[in-house]
Each structure stands twice: as C-alpha cells, then as structure tokens.
Amino acid sequence: MLAHHGNWVLIEQLYLTADQRQSHLPEETKQKDFMLRVKGFLLDEECAIGSVCTIRTKTGRIIEGKLLDIFVAFDHSFGDYVQETEYIEPSVKAIFDGGLNE
Amino acid sequence: MNKAQSILSRKNEILKKAIDVDFLKYRLSDIAFDYTRLMEDTGYPIDLAQKVQRSLGVGSTPMLELTNINTLIRKISRPGLGARLFLKDEACNLSGSFKARRAAISVYHAKKLGYPGVIAATSGNYGAAVAAMCAKLNLKCIIVQESFDSQGIYQPEILEKARAIEAYGAEVVQCSVGPELFVVFLDLLDQTGYFNASLYSPYGIAGLQTLGIECVEDIRRLTGKDPDAIVVTHAGGGNLTATAQGAKKTGCCCPIIAASVDLHGLHMASDTDFNRKSFTTGHTGFGFPFAMNPDRSDVTYSAARALRYMDSYYTVKQGEVFYMTEVLAKLEGMERGPAGNTSLAVAFSLAQSMREDQIVVVQETEYTGAGKHMNAQLSFAKKRGIKVITGDPIQEVAGENIILPSHPGLIQARPVDLDQLRYSYLRNQLKMHPDTLFSQDDILYLSQECNTSITWTETAIRQLKGDGHETK
C-alpha cells in the first residue's frame, strides 16, 4: 500500500538498539530494541508501507522512520461481553433491598 | 558514548532550560533541601491557582454523597458502624480527571514565561489534561507515553489516552516498554526548547492543592463538619501530597489515607509483564517506589513527597476495584474509572469499621471510555490468558488472575507497613550518600520526609548502617 504526500501516517523509529539499553533492566526487556512510534503528515511524494519516509509531526518536527500505517484510526473498544461480571448487580441489589446487617 | 548516554550526561543542562525553577537554590546539604520554601516560591497561592483554574474549566467539581453505596455498607457492617462516603467527581474537570488541576497551572505558567510549547512524560490522564490546557492556551504540546510491548501490542487504556491527546491537537510520541522513555523526553526537550510540564514540579502540586481545599470545604458546606478521613489513590505521590497540603490549609487535620492497587509480582520495566496488568496507574508499581524515593522523577527535587503526608496506606486487588466500579455504576448511576476507583474500594472497606456518624471523602473519579472501561480491560486480560473468576480476592495473583469478590464484604483494604516504607526510604538515602555523615539538620529533614520522630529516624539509621555510622 502506498501513502501519498500529505497523508496522515504512523512511522516507527529504532531509537536505541538492544545493546544501547540500560543495564539494570529485566532480561526480556533488555533483549529488545527500544522503539518509538509517531504520527504526522507524509513529506515524501509517496512511500510504501515498510519503507523509510519523512513526516512533519503536529508540532512541526521533521522526522524519519519506517512507514507502519496510513490514515491511522483508533479502534480500541469497550471490549467483549464480559459474562463474569453478570452476578455483581443482582447479588448487590439483593443485599441492598434486603434486611439490615445481613 | 551512545545516544542515550550522551543525552543523559546533559540531563541537568537540559532540565534547567526547560523549567524556570533553580532547584539548587533550595539545596541545604547532600541530603536535604528546603521543601517548604520550594513550594512557597511557586508564585501560585491558592486564590491565584483557583482563579487560573476557573478560567480554564477546572475545579469546583461536584461532591456527591454515595447514598446507595452507604446503605449497602450499613447492611454489611455491624450495627452502629458504616461511615458515610462522599465522592469528589473529578471526572467533571475539562479532560476528565483531577490531573487537569495540575496541568492548568503548569501550562498557564509555561505560557506566562513565553515558552512555545510544553512536553510531559506520562502514560496517564495527565497527558490528556496537558493537551487540553495547551489547546485552551494555544501552546504546542508533546506527550511521551510508554504504550506498546515488543509485539507491538498496545495497552488499551494508554491507547485511549493517546486518542484523547490527539483529539486536543497534541503530538503523541509512543514508546516501547522501558525507562529509556526518560531519554526520549530529555531529547525532545532539548530539540524543541519546550517547557517541562513535569508531574512533579512545584507548579503542578500547587495547582492540585485546590482539590484538598475543596474536599474539606464541600464537606463542611454539606454536613457542617470536617471529614473524618480523605482517601486518595496513590501512584507518583502528587495526588496525595497536594490533597494533604490543601486540606491542611483549611485547618482540617483528618487522616490522609493512601490507596493503591496491589500489583505485587509484576515488574514495571518488564516487556512481558507490561500487558499483564489491568491498571496503568494508581498501583503499587508506582506507589511504593515513589514513596520510598520521590526524587526518581524528571525534576531535581520532586514536589510530590507522599511519605511526608500519608497517615496510613492500604492496598486492594484489581478484582476489588473492578467490582466497586460496577457497584458505582449500578447503585449510583456513575460510570467512572476503573483506576480512579481504587480509593473507593479502600474507603468501602474502611467505612465498615467506622461509626455511622463519620464521613469519608473518596477524593477523585476519572472519566471512563473505550480502552479504559472495565470491560475493555477484563477482555484484554482474558485474551492474554489471565483468568477472571469469582471468589475471595485475597487469593488474587497479579498477572495470573483477577478475582472478583463473591460478596462485597470480602473487599479488604490491606494495610501497608509504613515503617517498612520509611526504612526503605532511609536505605535509599544511605545508598545514594554512602559516605555522608548526617548532621542534625539532615536527621530533622529525614524525619520530616518520613513523617516520624527524630528519635525513630536516628534509631532506624543506626540500625541500617550498623555500627559504622555516626552523626556529626
């Protein structure tokens, strides 16, 4: 997929390689590169996902990174139906509507 | 020297340009600094802080008596027991949380000083608060967040905060897991020349004192009495510190009670543990280390010094806070949190052993939304193999299961041994200053830091140092 000049895109930067990371970290963290993700408007004429591009961020910073996504939307949600909490309302209301000091 | 080392070597120079506080002016010794004077010098006494906040849509939030929850408390308490809970609905602030009080003063100050923008390092509600205030005051804004693990999976609550920050027109810099976020933060301050809207600056804390004042004044107005306790969700320490300072300014001397979610066993810098927790703030992963070492922050001397002000400290489990989040919605018609409901869960438990005529303030709520909502968090946890079950929450193990209490009487505020926190605080000081001979002034300072007596402090230091230490 191609992004075009002016498109709102997400890029990723390798900020610190694993060997540049702090020494006191847990092993599972230390072995991983430290990555940044930033959004902005594409400055290149066009760029394919996975290729390196340059963007202008909301504050006007010009930065370079690997193109991850184009016209990025938020799709986080209110989650799935959670059956495990069904009992809370009826059980609490039974106490609430019942006698004192049950 | 790699990039991180090079930036860190310039830390003091970068931070000095990014905030107008000359912290070294307050230095008294290797150990001590003049905290009272640091706070007095902010230039934002309460009336000015309130005026700035009013102009920015912040403060004067409703104080609501939780009448139905209070009925529930009395039904499960022994006769004559069951204090009344009042809840400060801080979700009504612009941006949806008490953090707007902190952000209002910091961002207003940045504007006054002529900075072109502000930067804050936060994965919490503070990011949205700073972004909203920057929108209102027409400043540029960058928020640096710890957002995703090495698989590229985002914590949904942090993603929601990124959405809110973007909605207010700010830039979000999202980081993978690890404390190197601080290097990115310094790097951005250095590149941009923006103001450091630190959570821990005296401006933020001065701004938040208005909440402590309102907590007392609201209760006086509604009941004609002072509260008997104020329960505060505790993480980095600013919320507790400023609320206590504000309450004291009203002449109220009720206990200030800290509350955190128990995330014991999960490492805060672990890439694999990152997405195994259902709370991104208000938990012991911040609450303990920031109480024991408040200066582990992004300013030379943190203005958030919780150990000075906490009269007691309790933890609750994730399942207990989720349960109270559901009870708040179903009995009071208030869909909030969940993280901000940590203090509610603690207060619900403590109220059962307090008298009916006593009053407990639950000091905040926060907005809920996609990602933050308890169903979003419970679904996310289940997808990662964490079991959601009903039972006795005392058996909950963070990262393995979430235990929703089978009966509200099983919600237990579990006390934290404050003396252990004080020992840990002093141990950190000894580690940082191994060759220092503590003067009497240092001992006085440390006893203030630990909210304890000079004798206790001297004895504790002697015990920690063994025989090899003397005071001069």
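Conventions used here
Residues numbered from 1 in each chain as written. Chains lettered and ligands numbered in written order. Predicted model: local features only at pLDDT ≥ 70, side-chain atom pairs only at ≥ 80, totals over all residues. Helix = DSSP H or I, 4+ residues; strand = E, 2+ residues; numbered from the N terminus. Rg over C-alpha atoms; globule rule 2.2 N^0.38 Å. Buried ≥ 20, exposed ≤ 12 C-beta atoms within 10 Å, placed from the backbone. Contact = placed C-beta atoms within 7 Å. Core = buried A, V, L, I, M, F, W, Y, C linked by C-beta atoms within 7 Å. Axes fitted to C-alpha atoms, helices over the stretch in contact; angles between N-to-C directions. Parallel < 35°, antiparallel > 145°, perpendicular 65-115°, else oblique. Left-handed = near helix turned anticlockwise from the far one by under 90°. Pairing = 2+ DSSP bridges. Domains from an automatic or database assignment. Nonpolar A, V, L, I, M, F, W, Y, C, P; charged D, E, K, R; others polar. pLDDT = per-residue confidence, 0-100. Expected span 1.5 Å × (residues − 1).

A short note on the overall build of chain A
Now for step 1: From N to C terminus, chain A includes two helices and six strands.
Now for step 2: When the helices and strands of chain A are listed from N to C terminus, the series reads β-β-α-β-β-β-β-α.
Now for step 3: Computed over the C-alpha atoms, the radius of gyration of chain A is 24 Å, more than 25% above the 13 Å expected from 2.2 N^0.38 for a compact globule of 102 residues.
Now for step 4: Relative to its 102 residues, chain A shows a buried fraction of 28%.
Now for step 5: Of the contacts made within chain A by residues no fewer than 6 positions apart, 52% connect residues no fewer than 24 positions apart.

Section: the overall build of chain B
Now for step 1: On a plain count of helices and strands, chain B comes out with 18 helices and 13 strands.
Now for step 2: Here chain B has a C-alpha radius of gyration of 21 Å; the compact-globule value for 472 residues is 23 Å, and the two agree.
Now for step 3: By principal-axis analysis of the C-alpha atoms, chain B measures approximately 60 × 55 × 45 Å.
Now for step 4: Here chain B holds 472 residues, and the buried ones make up 60% of them.

Considering the nonpolar core
Now for step 1: Core analysis: the biggest nonpolar cluster contains 177 residues, and Val107(B), Val118(B), Val130(B), Val144(B), Val231(B) and Val360(B) have the highest contact counts within it.
Now for step 2: With residues near it in sequence (within four places) discarded, Val118(B) still touches Val107(B), Ala110(B), Val130(B), Cys134(B), Leu139(B), Cys141(B), Tyr194(B), Phe195(B) and Ala197(B).

What to know about the packing of helix 6 (residues 99–113) of chain B against helix 10 (residues 202–223) of chain B
Residue and element names in this part refer to chain B.
Now for step 1: It is the contact of helix 6 with helix 10, at a shortest axis distance of 7 Å, that shows an interaxial angle of 140°. The angle between helix 6 and helix 10 places the two elements in the oblique class. For the crossing formed where helix 6 meets helix 10, the hand is right-handed. In contact with Arg101, Arg102, Ala104, Ile105, Ser106 and His109 of helix 6, helix 10 contributes Tyr203, Gly204, Ala206, Gly207, Leu208, Thr210 and Leu211.

Overview of the pairing of strand 2 (residues 8–16) of chain A
Residues and elements named next belong to chain A.
Now for step 1: Pairing analysis gives eight bridges linking strand 2 to strand 3 (residues 34–42), with the strands arranged antiparallel. In the sheet register, Leu10 faces strand 3, and the bridge partner there is Lys39.
Now for step 2: As judged from the four bridges shared by strand 2 and strand 6 (residues 62–70), these two strands associate in the antiparallel manner. Counted as the bridge partner of Ile11 is Leu67 from strand 6.

Here's the deal with unusual backbone geometry
Outside of glycine, negative phi angles account for most residues, and trans bonds account for most peptide bonds.
Now for step 1: Omega for the bond connecting Gly337(B) with Pro338(B) falls within 30 degrees of zero, at 20°, which places this linkage in the cis form.
Now for step 2: By the secondary structure assignment, Pro338(B) is in the loop between helix 13 (318–332) and helix 14 (342–351).
Now for step 3: The backbone of Phe71(A) sits at a positive phi, close to 45°, despite the residue not being glycine.
Now for step 4: As for its position among the elements, Phe71(A) is in the loop between strand 6 and helix 2 (88–97).
Now for step 5: Taking the number of C-beta atoms within 10 Å as the measure of exposure, Phe71(A) has 9 and is therefore exposed.
Now for step 6: Even without being glycine, Asn138(B) reaches a positive phi, approximately 55°.

Considerations on the domain arrangement of chain B
All names here are of chain B.
Now for step 1: Structurally, chain B comprises domain 1 (51–96 + 203–415) and domain 2 (419–468).
Now for step 2: Between domain 1 and domain 2, the C-alpha centre-to-centre distance is 30 Å.
Now for step 3: Listed per partner, the contact involves seven residues of domain 1 and nine residues of domain 2.
Now for step 4: Grouping the constituent residues of the side of domain 1 that touches domain 2 by class yields four nonpolar, one polar and two charged.

Re the sheet that holds strand 9 (residues 312–316) of chain B
Residues and elements named next belong to chain B.
Now for step 1: Read across the sheet, seven strands follow the order 1-2-10-7-8-9-13 without closing on themselves; strand pairing throughout is mixed. In the strand order of this sheet, the two ends are held by strand 1 (63–65) and strand 13 (414–415), each with one partner.
Now for step 2: In terms of strand pairing, strand 1 meets strand 2 (residues 84–88) through three bridges, oriented antiparallel. Residue pairing across strands places Glu65 opposite Phe86, the latter belonging to strand 2.

Topic: the confidence of the model for chain B
Residue and element names in this part refer to chain B.
Now for step 1: Mean pLDDT over chain B stands at 95; residues scoring 70 or higher make up 99%.
Now for step 2: In this model residues 467–472 is a low-confidence stretch, pLDDT under 50, and it forms 10 contacts with partners more than four residues away in sequence or in other chains.
Now for step 3: Scoring of the predicted complex yields 0.96 for pTM and 0.95 for ipTM.

Quick notes on the interface of chain B and chain A
Now for step 1: In this assembly, 53 residues from chain B lie in contact with 38 residues from chain A.
Now for step 2: Here the residues of the side of chain B that touches chain A sort into 24 nonpolar, 19 polar and 10 charged.

Section: helix 6 of chain B
Residues and elements named next belong to chain B.
Now for step 1: For helix 6, with 15 residues, the first-to-last C-alpha span of 21 Å sits near the 21 Å given by 1.5 Å per residue.
Now for step 2: Of all 15 residues that make up helix 6, 12 are buried, and the element is covered over most of its length.
Now for step 3: All of the buried residues in helix 6 are Lys99, Ala100, Arg101, Arg102, Ala103, Ala104, Ile105, Ser106, Val107, Tyr108, His109 and Ala110.
Now for step 4: Tucked into the core, helix 6 has its buried residues touching helix 4 (46–55), strand 3 (117–121), helix 7 (125–137), strand 6 (195–196), helix 10 and helix 11 (238–249).
Now for step 5: Looking one or two places after helix 6, you find Gly114, whose phi comes out positive at around 90°.

Observations regarding the environment of Ile88(A)
Now for step 1: Within the element layout of this structure, Ile88(A) appears in helix 2.
Now for step 2: Taking C-alpha positions, Ile88(A) is 43 Å from Asp33(A), a pair spaced 55 residues apart along the chain.

Considering helix 9 (residues 181–192) of chain B
Residues spaced three or four apart along an α-helix face the same direction, because each turn holds 3.6 residues.
All names here are of chain B.
Now for step 1: For helix 9, with 12 residues, the first-to-last C-alpha span of 16 Å sits near the 16 Å given by 1.5 Å per residue.
Now for step 2: Within helix 9, 10 of the 12 residues are buried, leaving the element largely enclosed by the surrounding structure.
Now for step 3: Within helix 9 the residues assigned to the buried category are Leu181, Phe182, Val183, Val184, Phe185, Leu186, Asp187, Leu188, Leu189 and Thr192.
Now for step 4: One or two steps after helix 9, the chain reaches Gly193, where phi turns positive at roughly 70°.

Thoughts on the environment of Ala370(B)
Now for step 1: Within the secondary structure layout, Ala370(B) lies in the loop between strand 10 (359–362) and helix 15 (374–383).
Now for step 2: On a C-alpha basis, the gap between Ala370(B) and Glu160(B) in space is 6.5 Å, while along the polypeptide they are 210 residues apart.
Now for step 3: The contacts of Ala370(B), once residues within four sequence positions are left out, are His76(A), Ser77(A), Phe78(A), Glu160(B) and Ala376(B).

Regarding the pairing of strand 10 of chain B
Residue and element names in this part refer to chain B.
Now for step 1: The alternating pattern of strand 10 places Ile359 and Val361 and Val360 and Val362 on opposite faces, both of which are buried.
Now for step 2: Across four bridges, strand 2 lies against strand 10 in parallel orientation. Counted as the bridge partner of Leu85 is Val360 from strand 10.
Now for step 3: Looking at chain direction, strand 7 (residues 229–233) and strand 10 are connected through three bridges and run parallel. Residue pairing in the sheet places Val231 in a bridge with Val362 of strand 10.

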